[in-house]
Amino acid sequence: MGRTSPGNEGTHQNGASGASGASGFGCRVRMVTVAFLTVGAVTLALGVSAASATTWNLPATDISAAGQDAEQPQIAVAPDGTTTVVWRRLVDGTIQAATRPADSSTFGAIQSLSDAELFSSGPQVAVAPDGETTVVWGQIVGGDFTIQAATRPAGSNTFEPVQNLATNQGSGVSGSPRVAVAPDGETTVTWVDGSNTVQSAIRPAGSTTFGAVVPLSAVDGNAGPPKVAVAPDGTTTVVWNLTFACSPGPTCYVVQSAIRPAGSTTFGAVQDVSPTSEGSLAPNLAVAADGATTVVWTLTRDCSPSPCEYTAQAATRSAGSNTFGTVQDVSPNDPSTGFTNVAVAPDGATTVVWGQLIGGILTIRARTRPAGSSTFGTIEDISEIGNQSTIQMVAAPGGAVTVVWEWEDVAMEGAHTVQAASRPAGASSFGAVTNLSTAGATPPSSQLAVAPNGAVTVVWAQYVTDSSRIQAASSSPTGPRLRLSLDGPKKVRAGKAFGVSVRVTNRGPSEPDPVGRGPRTARAESLKTCLKVPGNLFVVRAQKGASVRGRTICWSRSSLAAGMSVNYRATLRSSKTSSGTAKVTGTASASDSSGDPVKASGSSKIRIV
């Protein structure tokens, strides 16, 4: 691009945004990205009952240990509903994790993933479609910033030893790394090194190691922390903001992007997403089910005379396209606009939120671009949020959108409370505000993720009694909730027949949802259960009623009531000369009473000797 950097004007410690005063709220602003559910998990588990009010299971529960200050929580949910939360222990920088099994309300024992190191950055977590969980973070090792990762294989309860993805990344902890997983399991990690260059590393599907580090932005380009998301077809998008010298200057900010097409191992050329004549900061992005990708940011404009005005803007790259379309103003020009974020429903409906002073009170505002439309609708005021906040949001597989923020009660000497509001699928407005946390003495830091059944879990760090604790609250799911498990031998003799079985359970609520626009049921309609057999195995026979095509076996039934299970069995074998590992995959698909799809999956590895 030919731009020269005026120096490190930005702050990239722990993923902070490039210039803290750029949102219009001065140094008190904290730009934080939404915790996206892994795209692969979304594509495997679409479907949740449509419009219904959100019911939260309260009070919130503590996840981290008492007396050990914890901060910077992140969360990811596997296709089967298993929820993993990671955080940084403040006292010594140790990265820790806790997991809540699918259909459980309790998190398990805390696991320490890293060595103790005060100079570490907050972790990020992502889950592959098969349940493999990857946590990444930055840490000083031997005086140099190092990107590290720990992986928990599918079906395991423990993380494997830490790997170094990249060493010699500079003497200071730069932007926290970000991680995203493609539907095939390919894992992409991005970060900013000590020279403020966006870097990336890829772990191919089925591999246990990451490849070579590749720079995405201009070297020494003064880039801000990147965000990364993967479309259902595997297309990977990374965005960041770049600081550069401009006139009248002294600095300008532009949102940039690099795209790696599905099936490719390399990113394309860097492109500017936002205008280059003004300052664009703190990008966030979200991907629709068809692959359309929307990026939002806060634009600085009209700074003469001061104060500056700010506008929430958005640009969308259509599915299959390599370039972003025309930039759209989403919010009015206002000196107080900031905290821009975005969520995209599976049908493509795109909701952008931001903070803005209305009558002297900071208010969360939202605009939605309906599916198939090119324009945003009217502005909706969701809630007053006091004087300070970050805004997180997520769209559920069925289309419901949940927004979470932190409300500051000035009358209580700045006590902070985590609050939430949801807009049901098909509804035109957000519902009532719910307090998820009690009032804490310090600002919490919230993140959220959505399960395949539509239940949302929010985590945050907040001062409780004697220390900062990681807490969690979840909404109640609605509609059918499929759970799939496979049963078979761990080891078989080559050439000998053996049996495998697949079990599907509907763990949906036993009673119809009493809230909403019409009667609901947790019955799974038109259930189809399939086993996919790898190339080194053969199908000998299948339980009566099966449809066999090549190495795929499927069974169908009209419905499966809540609380009920169904089992199917098949007999397989390998050739007498086979050896190695065979992976059998099971899938279950159905719909709820409104026709929304519901899915579940699982796999089992069998060693052939």
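Above this text is the structure in question.
Because the structure is a prediction, the values reported are computed rather than measured.

S.K.: Is there a simple way to explain the overall build of the protein in this structure?
M.R.: A count of helical and extended segments in the protein gives one helix and 42 strands. Sequence separation of at least 24 residues holds for 54% of the intrachain contacts in the protein that already meet a minimum separation of 6. Carbon and sulfur atoms provide 49% of the accessible area of the protein, an area that totals close to 23,300 Å².

S.K.: Could you clarify how one ought to interpret the sheet that holds strand β5 (residues 111–112) in this entry?
M.R.: The strands that make up a sheet pair up through hydrogen bonds in the backbone, lying either parallel or antiparallel. One open sheet accounts for four strands, arranged β2-β3-β4-β5; its pairing is antiparallel. Either end of the sheet is taken by a strand with one partner, and the two such strands are β2 (70–77) and β5. One ladder, built from two bridges, connects strand β4 (residues 95–100) with β5; its direction is antiparallel. Bridge assignment links glutamine 96 to a residue of β5, and that residue is serine 112.

S.K.: Hey, could you run me through the layout of surface pockets in this one?
M.R.: Where empty space is left can be seen by rolling a probe of water-molecule size over the atoms. Space inside the largest pocket adds up to approximately 1,500 Å³. Taken together, 50 residues form the lining of the largest pocket, with Asp130, Gly131, Glu132, Ala154 and Gly155 sitting closest to its centre. Where the lining of the largest pocket is concerned, the elements lending two or more residues are β8 (144–152), β33 (482–487), β41 (580–591) and β42 (597–608).

S.K.: Can you walk me through the sheet that holds strand β32 (residues 467–475) in this structure?
M.R.: Judged by pairing direction, the sheet is antiparallel, and its four strands sit side by side in the order β1-β32-β31-β30 without closing on themselves. Of all strands in the sheet, those bounded by a partner on one side alone are β1 (56–62) and β30 (447–450). Strand after strand, the sheet turns through a mean of 25° between neighbouring axes, direction not considered. Where β30 and strand β31 (residues 456–464) come together, four bridges link them in antiparallel fashion. Pairing of glutamine 447 across the sheet is with valine 459, part of β31.

S.K.: Got a minute to help me understand the packing of aromatic side chains in this structure?
M.R.: A ring pair, where both rings are aromatic, is described by two values, the distance of the centres and the angle of the planes. As enumerated under the stated definition, the model contains one aromatic pair in all. Summarising the aromatic geometry, the rings of tryptophan 555 and tyrosine 568 are spaced 4.8 Å apart at their centres and angled 10° between planes, so their arrangement reads as stacked. Note that tryptophan 555 is positioned in strand β39 (residues 552–560) and tyrosine 568 in strand β40 (residues 565–573), a separation of 13 residues in sequence. Taken individually, tryptophan 555 and tyrosine 568 each receive the classification buried, so the pair is uniform in this respect.

S.K.: Any chance you could explain the environment of glycine 602 here in plain terms?
M.R.: You can see glycine 602 is positioned in strand β42. With 473 residues separating them in the primary sequence, glycine 602 and proline 129 have C-alpha atoms 8.7 Å apart. Leave out the neighbours within four places in its chain, and glycine 602 touches Leu484, Leu486, Val584, Thr585 and Gly586.

S.K.: What is the right way to read the side chain of glutamine 356 from this model?
M.R.: Among the structural elements, glutamine 356 can be located in strand β23 (residues 350–358). Exposure remark for glutamine 356: the relative accessible area of 4% places this residue in the buried category. Side chain to side chain, glutamine 356 and tryptophan 354 meet in a polar contact 3.0 Å long. For glutamine 356, the side chain forms a polar contact with the side chain of arginine 365, separated by 3.4 Å. Setting aside residues up to four positions removed in sequence, glutamine 356 forms contacts with Pro332, Asp334, Ser336, Thr337, Ile361, Leu362, Thr363 and Arg365.

Calculation criteria
Residues numbered from 1 in each chain as written. Predicted model: local features only at pLDDT ≥ 70, side-chain atom pairs only at ≥ 80, totals over all residues. Heavy atoms only, no water. Helix = DSSP H or I, 4+ residues; strand = E, 2+ residues; numbered from the N terminus. Contact = heavy atoms within 4.5 Å. Areas by Shrake-Rupley, 256 points an atom, 1.4 Å probe, with all protein chains shown as cover. Pairing = 2+ DSSP bridges. 1 Å grid on protein atoms, 1.4 Å probe; cavity = no way out; pocket = protein on both sides within 12 Å on 5 of 7 lines; lining within 4 Å. Points joined across faces, edges and corners; volume = space filled by probe spheres on them. Axes fitted to C-alpha atoms, helices over the stretch in contact; angles between N-to-C directions. Phe/Tyr/Trp six-rings, centres within 6.5 Å; stacked < 30°, edge-to-face > 60°. Buried < 20%, exposed > 50% of the residue type's maximum accessible area, 1.4 Å probe, protein only. Polar contact = N/O pair within 3.5 Å; in protein donor to acceptor, adjacent residues only side chain to side chain.

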